Amino acid sequence: MTYKSEFLRVLDERGYLHQITDADALDAAAVAGVVPAYVGFDCTAPSLHIGNLVSIMMLRKLQQSGHKPIVLLGGGTTKVGDPSGKDAGRQLLDDSRIAGNMATIKRIFERFLVFGDGPTDAVMVNNADWLDKLEYIPFLRDIGRHFSINRMLTFDSVKLRLDREQPLSFLEFNYMILQAYDYLELSRRFGCRLQMGGSDQWGNIVNGTDLIRRVDSKDAFGLTTPLITTSDGAKMGKTANGAVWLHEDSLPSYDYWQFWRNTQDADVGKFMRLFTEIPEAEIRRYEALEGAEINTAKKALADAATALCRGPEAAAAAAETARATFEAGEAGGDLPSLSIGADGIGLLDALVGLNMAASKGEARRLIRGGGVKVDDVTVSDEALHLPGAAKLSVGKKRHGVLVAG
RNA sequence: GGAGGGGUGGCCGAGCGGUCAAUGGCAGCAGACUGUAAAUCUGCCGGGUUUUCCCUACGUUGGUUCAAAUCCAACCCCCUCCA
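Structural notes, computed from the coordinates. (Residues numbered from 1 in each chain as written. Chains lettered and ligands numbered in written order. Predicted model: local features only at pLDDT ≥ 70, side-chain atom pairs only at ≥ 80, totals over all residues. Heavy atoms only, no water.)

With respect to the packing of helix H1 (residues 6-14) against helix H3 (residues 53-64)
At a minimum axis distance of 9 Å, the contact between H1 and H3 shows a crossing angle of 145°. The crossing of H1 and H3 is right-handed. Of H3, the residues touching H1 (which contributes Glu6, Phe7, Val10 and Leu11) are Met58, Lys61, Leu62 and Gln64. A breakdown of the residues in the contact of H1 with H3 according to their chemical character gives five nonpolar, one polar and two charged. (Axes fitted to C-alpha atoms, helices over the stretch in contact; angles between N-to-C directions. Helix = DSSP H or I, 4+ residues; strand = E, 2+ residues; numbered from the N terminus. Left-handed = near helix turned anticlockwise from the far one by under 90°. Contact = heavy atoms within 4.5 Å. Nonpolar A, V, L, I, M, F, W, Y, C, P; charged D, E, K, R; others polar.)

And the structure:
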């Protein structure tokens, strides 16, 4: 369908839309005036990762098209600890850790959104502000009465668990209620009329819109994004070292750039639409490239995505390091480095020290398998001693440098 | 509270007294081929080391045994049914 509002038109064109509760009404609302909208984020870690990026970009599009983004951090729910999965012992975070995480997370958002007090400025709130104060009996009476267990049991998040005979604690069962309550609270505080999230959030979001309708007799909307997978079906966002973090303290910009550079051919266009602001016409041109030419497109993707998240300078530095390393065969300045003393260092220790191998045993295996190069020459001597500066490589992609001194 | 089933390496899942650091599969890493892609084939895939050696590991703690992931006991947790 064609949308009248800039907001939905952009989301549609760029591939962000999966489901909308009432597309026509939301479209009309977005034409008529400012729509405050929110996305909730967990704050168990000091950084968000690529999996959150679609939602972040969506908030950015929202603001760019003249609406108000609300970033909701789950300080309250984080404190309780998400009981999902089978390992019961996930540690509970204390207030100071959560506060610390929230501070760094806010810095990520500042790259994507404009915060302030204006009508379309972004705001960031913490659901601990209201969840902490809830009183059980009044909450049950005012809110709990609107939830039917029969219906809750039909939601995928619950149903799948039960069908698979996986544990589902009462606490977790209550998550959807708490999330619905968050939406109600934001509706009251900021006039929030839209909640967005990943497709797995659909049930929770719909609960929120229903609750607002029942309690306050107001219309509220929900919108979800498709689950972003790579073209071979895997969830995106993993590298050799784990999650692709958005904050530079958790993942160097060079690695961030490399993540995008290594996108599969088939995903380049999709990722450009979702994670960059390259104009559609230009994306089409990139998509038309064939064979090895598509590497140009991947570099453009990496440049643009890194510039958005890490800033143009970090992106340029990463791009230059990659160029020097891969195309000129030199050691680029952004590569991980390890300084060594006058005595030099053993090859195994160097590999471990540069995080290029998790253990000496792994380093040995890599050497035996012919995967390690020193200054571009494959080595076979595990006991090799490196006297001074050198470039180390594991495979084709992972490089590091030893710096004398 | 009662009865039954179950807890194994990042995940799934075999093993059910020695030959078990533990079959398979997935994921991951490396090699070959390429384009820092995909697919395919090959190798690796707990840690250490002076590599037919030593640690650590099959929910937890004890016990039986020359020997336990495997048997016994207690405890913890999960699932199903009953109350």
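Still to come is the rest of the account.
Thoughts on a nonpolar patch on the surface
A contiguous nonpolar surface patch, about 450 Å² in accessible area, is contributed by Tyr136, Ile137, Leu140 and Phe170. Assignment of secondary structure puts Ile137 in helix H7 (residues 136-142). Ile137 sits in the exposed class, given a relative accessible area of 54%. (Patch = residues over 30% accessible without salt bridge, like charges linked within 9 Å, V, L, I, M, F, W, Y side chains within 5 Å. Areas by Shrake-Rupley, 256 points an atom, 1.4 Å probe, with all protein chains shown as cover. Salt bridge = Lys/Arg side-chain N within 4 Å of Asp/Glu carboxyl O. Buried < 20%, exposed > 50% of the residue type's maximum accessible area, 1.4 Å probe, protein only.)

Considering the nonpolar core
Ranked by internal contacts, the top residues of the largest apolar core, which has 69 residues, are Leu53, Met196, Leu223 and Trp260. Looking at this core, the element that brings in the most residues is helix H16 (residues 294-310), giving eight residues. Core analysis: the next-biggest nonpolar cluster, separate from the first, contains 26 residues, Val158, Leu178, Leu186 and Ala220 among them. (Core = buried A, V, L, I, M, F, W, Y, C linked by side-chain atoms within 4.5 Å.)

Regarding the packing of aromatic side chains
By the definition in use, this model includes eight aromatic pairs. Relative to Trp260, the ring of Tyr256 lies with its centre 6.2 Å away and its plane at 75°, an arrangement referred to as edge-to-face. Within this pair, Tyr256 and its partner Trp260 are both found in helix H13 (residues 253-261), separated by four residues, close to a single helical turn. According to the relative accessible area criterion, Tyr256 is buried, its value standing at 1%. Judged by relative accessible area, which is 0%, Trp260 ranks as buried. Where Trp260 meets Phe275, the ring centres are 5.0 Å apart and the plane angle is 50°; that geometry is what we call tilted. On the criterion of sequence distance, the pair formed by Trp260 in helix H13 and Phe275 in helix H14 (residues 268-275) is long-range, its members being 15 residues apart. Each member of the pair, Trp260 as well as Phe275, carries the same accessibility label: buried. In textbook terms, an aromatic cluster arises when at least three aromatic residues are bridged by ring pairs, as seen for Tyr256, Phe259, Trp260, Phe271 and Phe275. Between Lys106 and the ring centre of Phe115, over which it is positioned, the NZ or CZ distance is 5.0 Å. Between Arg310 and the ring centre of Tyr256, over which it is positioned, the NZ or CZ distance is 4.7 Å. (Phe/Tyr/Trp six-rings, centres within 6.5 Å; stacked < 30°, edge-to-face > 60°. Lys NZ or Arg CZ within 6 Å of the ring centre and 35° of its normal.)

Details of the sheet that holds strand E4 (residues 123-126)
Taken in spatial order, the six strands of this open sheet run E1-E6-E5-E2-E3-E4, and their pairing is mixed. Both outer strands of the open sheet, strand E1 (19-20) and E4, are each paired with one neighbouring strand and no more. Here strand E2 (residues 36-41) runs beside strand E5 (residues 194-198); their pairing, made up of two bridges, is parallel. The residue of E5 that forms the bridge with Ala37 is Leu194. Relative to E2, helix H11 (residues 175-190) is tilted by about 145°, and along the sheet it contacts E2, strand E3 (68-73), E4, E5 and strand E6 (221-225). In the packing of helix H12 (residues 202-216) onto the sheet, the strands contacted are E1, E5 and E6, and the crossing angle to E6 comes to about 170°. (Pairing = 2+ DSSP bridges.)

What to know about the packing of H13 against helix H17 (residues 312-327)
Their axes nearest at 9 Å, the elements H13 and H17 cross at an angle of 70°. In terms of their interaxial angle, H13 and H17 are classed as roughly perpendicular. Residues Ser253, Tyr254, Trp257 and Gln258 of H13 lie in contact with H17, whose contacting residues are Ala314, Ala315, Ala318, Ala319, Thr321, Ala322 and Phe326. A breakdown of the residues in the contact of H13 with H17 according to their chemical character gives eight nonpolar, three polar and no charged. (Parallel < 35°, antiparallel > 145°, perpendicular 65-115°, else oblique.)

A word on the protein's contact with RNA strand B
Lining the immediate surroundings of RNA strand B are 32 residues, of which Asn262, Asp265, Lys360, Arg365 and Lys396 lie closest. Protein-proximal atoms of RNA strand B, defined as those within 4 Å of the protein, fall in sugar or phosphate at a share of 69%. Note that a phosphate oxygen of RNA strand B is positioned 2.6 Å from one of the backbone N or O atoms of Lys360. A distance of 3.0 Å is found between a phosphate oxygen of RNA strand B and a side-chain nitrogen or oxygen belonging to Lys397. At the level of elements, H13, H16, H17 and helix H19 (360-368) are the ones that each hand at least two residues to the surface near RNA strand B. Broken down by class, the residue content of the surface near RNA strand B amounts to eight nonpolar, eleven polar and 13 charged. (Near = heavy atom within 4 Å. Polar contact = N/O pair within 3.5 Å; in protein donor to acceptor, adjacent residues only side chain to side chain.)

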